[in-house]
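Secondary and tertiary structure notes
So the chains spell out like this:
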Amino acid sequence: NAGVTQTPKFRILKIGQSMTLQCAQDMNHNYMYWYRQDPGMGLKLIYYSVGAGITDKGEVPNGYNVSRSTTEDFPLRLELAAPSQTSVYFCASSQPPGGLNYGYTFGSGTRLTVV
Amino acid sequence: QQQVKQSPQSLIVQKGGISIINCAYENTAFDYFPWYQQFPGKGPALLIAIRPDVSEKKEGRFTISFNKSAKQFSLHIMDSQPGDSATYFCAASMSEETSGSRLTFGEGTQLTVNP
């Protein structure tokens, strides 16, 4: 199984440009998440989804949008890119909580630089 | 408050030594406490997790100690090996299925195990 697949792996954007970070999972997980990781800051939740058609804001949603039209896909849209959005973005998926071995499966990340 | 505080920020240990990473949380509604391990260029991967009904969980060389009254939990890596060199994140969440059981992460600890 591929698990969680993120594309692209690297991207350089100019200020004001837009792009979509793709995320797909093949584990039939209902829950999906987008986090950004900045040095020394841990991972901050941007958006999450508990199922197709349902999305909600996390801790740092400003400047981003998401959609969830299928169980498998959870794209993250950046509109009008800003230098503050330079970060590593991780998509993750999970089963509903319960059971001690419940946990997130993360993708390998997208490293985005805005110049 | 949803914060999870992690220390130290970095840790250097000799091969065969014990690595200890600590986390403290504020929200008493948290009921799931995982640790994630991240190697450079990769996404975090679930290492071990605990729920507050037990005070300790051991898996191989990795042990979580949990102190509910102090709202603290820690990761102990026994007989640390160079291959354990990675960034470690603690996290916490509430098992609310309707809210996606969102994980709140600590800031991360960069562990280096010298040969």
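See the structure shown above.
Presented here is a report on the structure given in the accompanying data block.

Here is what the cut-offs are and how they apply
Sequence order as written defines the numbering, with residues in each chain counted from 1. Naming scheme: in the order in which they are written, chains are lettered from A and ligands are numbered from 1. In keeping with the predicted nature of the model, local features appear solely for residues at pLDDT of at least 70, side-chain atom pairs appear and are counted solely at 80 or more, and the whole-chain, interface and lining totals rest on all residues. For side-chain calculations, the full set of non-hydrogen atoms in the structure is used, while hydrogens and water are omitted. Secondary structure elements follow DSSP: runs of H or I no shorter than four residues count as helices, runs of E no shorter than two count as strands, and numbering proceeds from the N terminus. In this scheme, a residue with accessible area under 20% of its type's maximum is buried, one over 50% is exposed, and one in between is partly exposed, where area comes from a 1.4 Å probe on protein chains only. Two residues qualify as a contact provided that any one of their heavy atoms is within 4.5 Å of a heavy atom in the partner residue. Exposure was quantified through the Shrake-Rupley algorithm and a 1.4 Å probe, taking into account, for residues, occlusion by the shown protein chains and nothing else. Note on ring pairs: Phe, Tyr and Trp rings are taken, using the six-membered ring of Trp, and paired if centres are within 6.5 Å. Classes follow the plane angle, with under 30 degrees stacked, over 60 edge-to-face and the rest tilted. Only when DSSP finds a minimum of two bridges between them are two strands counted as paired. Helix axes use the C-alpha atoms of the stretch in contact, all axes being lines fitted to C-alpha atoms, and the angles between their N-to-C directions lie in the range 0 to 180 degrees. The term nonpolar core refers to a set of buried residues drawn from Ala, Val, Leu, Ile, Met, Phe, Trp, Tyr and Cys, joined through side-chain atoms within 4.5 Å. Salt bridges are defined as contacts in which a side-chain nitrogen from Lys or Arg sits within 4 Å of a carboxyl oxygen from Asp or Glu.

**A look at the overall build of chain A**
If you tally the helices and strands in chain A, you get zero helices and 11 strands. Projected onto its principal axes, the C-alpha positions of chain A cover 45 × 30 × 25 Å. Out of the 115 residues belonging to chain A, those deemed buried represent 47%. Within chain A, contacts between residues separated by at least 24 positions form 55% of all contacts whose residues are at least 6 apart in sequence. Carbon and sulfur atoms form 52% of the exposed surface of chain A, whose accessible area is close to 5,300 Å².

**With respect to the packing of aromatic side chains**
Tallied over the full model, the rule gives 19 aromatic pairs over all chains. Residues A:F106 and B:Y36 carry aromatic rings whose centres are separated by 5.7 Å and whose planes lie at 85° to one another, so their mutual orientation is edge-to-face. Of this pair, A:F106 sits in strand β10 (residues 105-106) while B:Y36 sits in strand β4 (residues 33-38), which puts the two residues in different chains. Here A:F106 matches B:Y36 in class, with each residue buried. Following the ring pairs from residue to residue traces out a cluster consisting of A:Y33, A:Y35, A:F90, A:Y104, A:F106, B:Y36, B:F89 and B:F105.

**What about the sheet that holds strand β7 (residues 64-66) of chain A?**
All names here are of chain A. Taken together, the four strands give an open sheet; going across it, the order is β1-β3-β8-β7, and neighbouring strands pair in antiparallel fashion. The outermost strands of the open sheet, each flanked by one partner alone, are β1 (4-7) and β7. Geometrically, the sheet is characterised by an average inter-axis angle of 20° between neighbouring strands, direction not taken into account.

**A closer look at the nonpolar core**
Core analysis: the biggest nonpolar cluster contains 25 residues, and B:F33, B:W35, B:F73, B:L75 and B:Y88 have the highest contact counts within it. Elements that contribute at least two residues to this core include exactly β2 (10-14), β3 (19-25), β4, β5 (45-50), β7 (62-67), β8 (72-77), β9 (86-92) and β11 (109-114) of chain B. Among the elements that make up this core, the one with the highest residue count is β9(B) (four residues). Beyond its immediate stretch of four places on either side in the chain, B:Y88 contacts B:Q6, B:I21, B:Y36, B:Q37, B:L47, B:L75, B:I77, B:G108, B:T109 and B:L111. Core analysis: the second largest hydrophobic core is formed by 20 residues, A:Y31, A:V50, B:Y32 and B:F105 among them.

**Here we look at the pattern of salt bridges**
Residue and element names in this part refer to chain A. Tallied over the full model, the rule gives six salt bridges over all chains. Put simply, K44 and E59 hold a salt bridge, and the shortest N to O gap is 3.7 Å. Of the two residues, K44 is situated in strand β5 (residues 43-51) and E59 in the loop between β6 (54-57) and β7; the sequence distance between them amounts to 15 residues. Judged by its relative accessible area of 24%, K44 is partly exposed.

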